Amino acid sequence: MNKTGSARRRAKKYYKDQYRKTGIIPRPLFLAGKGVMEGRKCSGRPRSLDEAVKIRFIEMVKSSCDPLSPGFIFITRKARTIKNYHYWLEQEFCRSISLQALRRLVKSENLKVYLEKPDTDEDIPVKHTFKSEPVFALIQIDGCRFRYLRIRNENGNWQAPQAIEIFDTGSRHMFDLDAWFEETSMNSLELFIRFLQGTEFPLDTICIRPDNAKGFLNLKRPINALNTAHSTPGGFFMKSDFSRIHSPKDKAHLESTHRSLHNFEIRVIKAFEDRIVKTVPTTIFNQGKKETITVTLLDITLQDLRNSGLIQEYRNEHNRNKHHFSENGRIEAWVPEQKMDRFLSEQTVTLTFSPGQVQEYMKYGFDKIKATVSTKRTIRHARQDYFVTTGAELFSRHKSTPVKISSYKDKLYIFEPGEDGVLLGEALACQPFDGPVTRDIHTQPDEISQMIDFLEQRSMIVDRPALIEIYYRGIDLKQAKTIYMQHQQRYDTYIDHRSLI
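Presented here is a report on the structure given in the accompanying data block.

The rules behind these values
- Each chain has its residues counted from 1, following the order in which its sequence is written.
- Totals for whole chains, interfaces and linings use every residue, but because this is a predicted model, local features are given only for residues with pLDDT of at least 70 and side-chain atom pairs only at 80 or more, for both listing and counting.
- Side-chain calculation: all heavy atoms of the structure are included, whereas hydrogens and water are not.
- Should DSSP find at least two bridges between two strands, the strands are regarded as paired.
- Think of it this way: any DSSP run of H or I at least four residues long counts as a helix, any run of E at least two long counts as a strand, and we number them from the N terminus.
- For helices, the fitted axis covers only the stretch in contact; all axes are lines through C-alpha atoms, and the angles between them, taken along N-to-C directions, range from 0 to 180 degrees.
- Contacts are assigned to residue pairs with any non-hydrogen atoms lying within 4.5 Å of each other.
- Nonpolar cores are built from buried Ala, Val, Leu, Ile, Met, Phe, Trp, Tyr and Cys residues. Side-chain atoms within 4.5 Å join them into one set.
- Buried means the residue's accessible area, taken with a 1.4 Å probe over protein chains only, is under 20% of the maximum for its type, while exposed means over 50%, and partly exposed covers the values in between.

This part is about the sheet that holds strand 8 (residues 237-240). The five strands are arranged 5-4-1-7-8 in an open sheet whose pairing can be described as mixed. Taken across any chain shown, the strands that pair with only one partner, and hence form the sheet edges, are strand 5 (174-180) and strand 8. Between one strand axis and the next, the sheet turns through 20° on average, direction left out of account. Where strand 1 (residues 138-145) meets strand 4 (residues 162-168), seven bridges bridge the pair, whose relative direction is antiparallel. Among the inter-strand pairings, Ile139 is bridged to a residue of strand 4, identified as Asp168. Here helix 10 (residues 220-230) sits on the sheet and contacts strand 7 (205-210) and strand 8; the angle it forms with strand 8, its principal contact strand, is near 155°.

Here's what the structure looks like:
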C-alpha cells in the first residue's frame, strides 16, 4: 500500500488483527491488490465529502458570481473565499465538513475561474495577457527553425530548414510563410518584397516589428527607402519597431504560432514517408531542461519541400479556419482571413505596389562593408577601381565621402553609412566580371550597363574607363545607338578586315 516504516507496521498489525477477529480477509486488501492505493478506500473509511455536499458547494460557488442566479446570494469577488462557503455548508448540513477536502474539490472541478470572476463585464486590466491591436497596426516578422526533421542542403549535408513568417497582430492573418536554411538578409528581404507585392495596404501608419536578429536588421534600409518614395503626410507610412534583444515577449503573438508550426513538421514527415532515410535521437533544451527527441532525416531538398505545396496549404489552413485567441484576458474566436477582408472592405482608398516599384530593393540584400568615394568619384575595392555611374552628383568633388558598399558581379551598390541608409548609386568596375555568381537578382540595369551590353553584342571591345568618362560628358544610350547606326558600315568593314588578318 506504498507505506514505509512505522506506518507500514501499524497497517500490517491492523489488518492482521481484523483477520483474527473475523476470519475474513479485509476488503481494502483486495482493493490494494487491484492497485487502488487511495487511503480512505483502502482503510474502509467513507469519503470526506459526500455527493450532496459536493453538488451544493459547486452550486454555491457558481451562483455567487452571477447576480441573476437564484441558487445563492451574489458575493463580490474579494469575498469569495473557501472559508466562507465552508461555514455556510456546515450550517446547512449541520455537521463538520473538511476544509482541506473543499480546497481539493476546487482544484479538481476547476472552480477557481468562478472564485476569481470579476464583478462586472467591464474591461479590467489583467496581468500577463495579450493586448488587442487594430488590424495593420502591428506586423511581426520572425523565424522558427524546424525541430523534428532535417533535409539535404546545397552541399548534400543534413540541415534543419528555417521558416520565416510575416504576421498581422490584429487579425492574426499570416501574410506570407516560406522556408530557407538560414535567416540571411537576402532571404528576409525576398520575403519582405513578396509581402509588399501581394498585400493591399491602408493609407495609415503601419508599425512593422521584425526580430532583432542579424538577418532582419538590414530591413531598416528598404523600409526607409520605401517611406522616402511612397509615404505621404497623414497617409501611408511604415514605422520600424524592431523587437528588443532577447525579448520574445515583444512578438509573443507570433511566437505562440510556432507550436503549430512544429506540429506541421510531422505532416511533412508523413507526406514524404517514402523518403525517410533514418531517425536519430537528439537532445534539446526546453525551458532550461534537457529533453531527448527523435529527428527524422528526409532525403529531399528545400525546393522539393516548396514544390510540395505543404507550406502554402499550412498557411491557407491557418488563415481560413476559426481559431481561439486570447486578448485582454478574454478568449475570443474568429477567422483571420475574414477579419482581414472585413477591414480592407471598410477602406475607401488603399495602396498596392507593382513588382517594378519594389524589385529594386533586392539590391539591399547583399552584405555591406565600409568604403570611401574619392573626389574623382571612384572607389577602390578588392584591388580594383570602380567608377560611380549612377548617383555621381551626390558625392563631393572637394572631399572624400564615407559610404557602405555591396559587391555584385562587376558592380558596387553604394549606400548611406547609417544603419537605415538608403541606396545612393552604383559603381562599375574597370574590368568585366569573371567568376561564379552566388545569387542572381533581377533588377533593371543602369544606362551605362545597357550601353556596354549594346556594344559588346555587336562584337565591340569596350574600354570601360573611357566610356564612363564619355558618359559623364553627356553621351547617353540613345545617342550611343545613333552614333553606332551612323557609322555601322565602317564598323562592319573594320570587323571583316580584322577577321581576314
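Turning to the pairing of strand 12 (residues 330-334), a few remarks are in order. Sheet topology note: the strand 11 (residues 323-327)/strand 12 ladder contains five bridges and is antiparallel. Counterpart to His324 in the pairing with strand 12 is Ala333. Between the antiparallel neighbours strand 11 and strand 12 lie two residues, among them Asn328 with a positive phi of about 55°.

This part is about the nonpolar core. Generally speaking, nonpolar side chains in soluble globular proteins are found buried as a group. Membership of the largest hydrophobic core comes to 42 residues, with the highest contact counts inside it found for Phe136, Phe192, Phe195, Leu196, Phe201 and Met238. Those elements that provide at least two residues to this core are strand 1, strand 4, strand 5, helix 8 (185-197), strand 7, helix 10, helix 14 (336-345) and strand 18 (411-415). The biggest single contributor to this core is helix 8, with seven residues. Residue contacts for Phe195: discarding those within four places in its chain leaves Ile139, Ile166, Phe175, Asp176, Phe201, Ile208 and Met238. Judged by nonpolar contacts, the second largest core, of 21 residues, contains Ala179, Leu298, Leu310 and Ile311.

Bringing the sheet that holds strand 9 (residues 276-286) into the picture now. If you trace the four strands from one edge of the open sheet to the other, you get 3-2-10-9, paired in mixed fashion. Where the open sheet ends on each side, the last strands, each with one partner, are strand 3 (158-159) and strand 9. Alignment of strand 2 (residues 149-152) against strand 10 (residues 289-298), held across two bridges, turns out to be parallel. When the sheet's bridge partners are listed, Leu149 is paired in strand 10 with Thr296.

Honestly, that's just the spatial picture; any functional story needs more than this.
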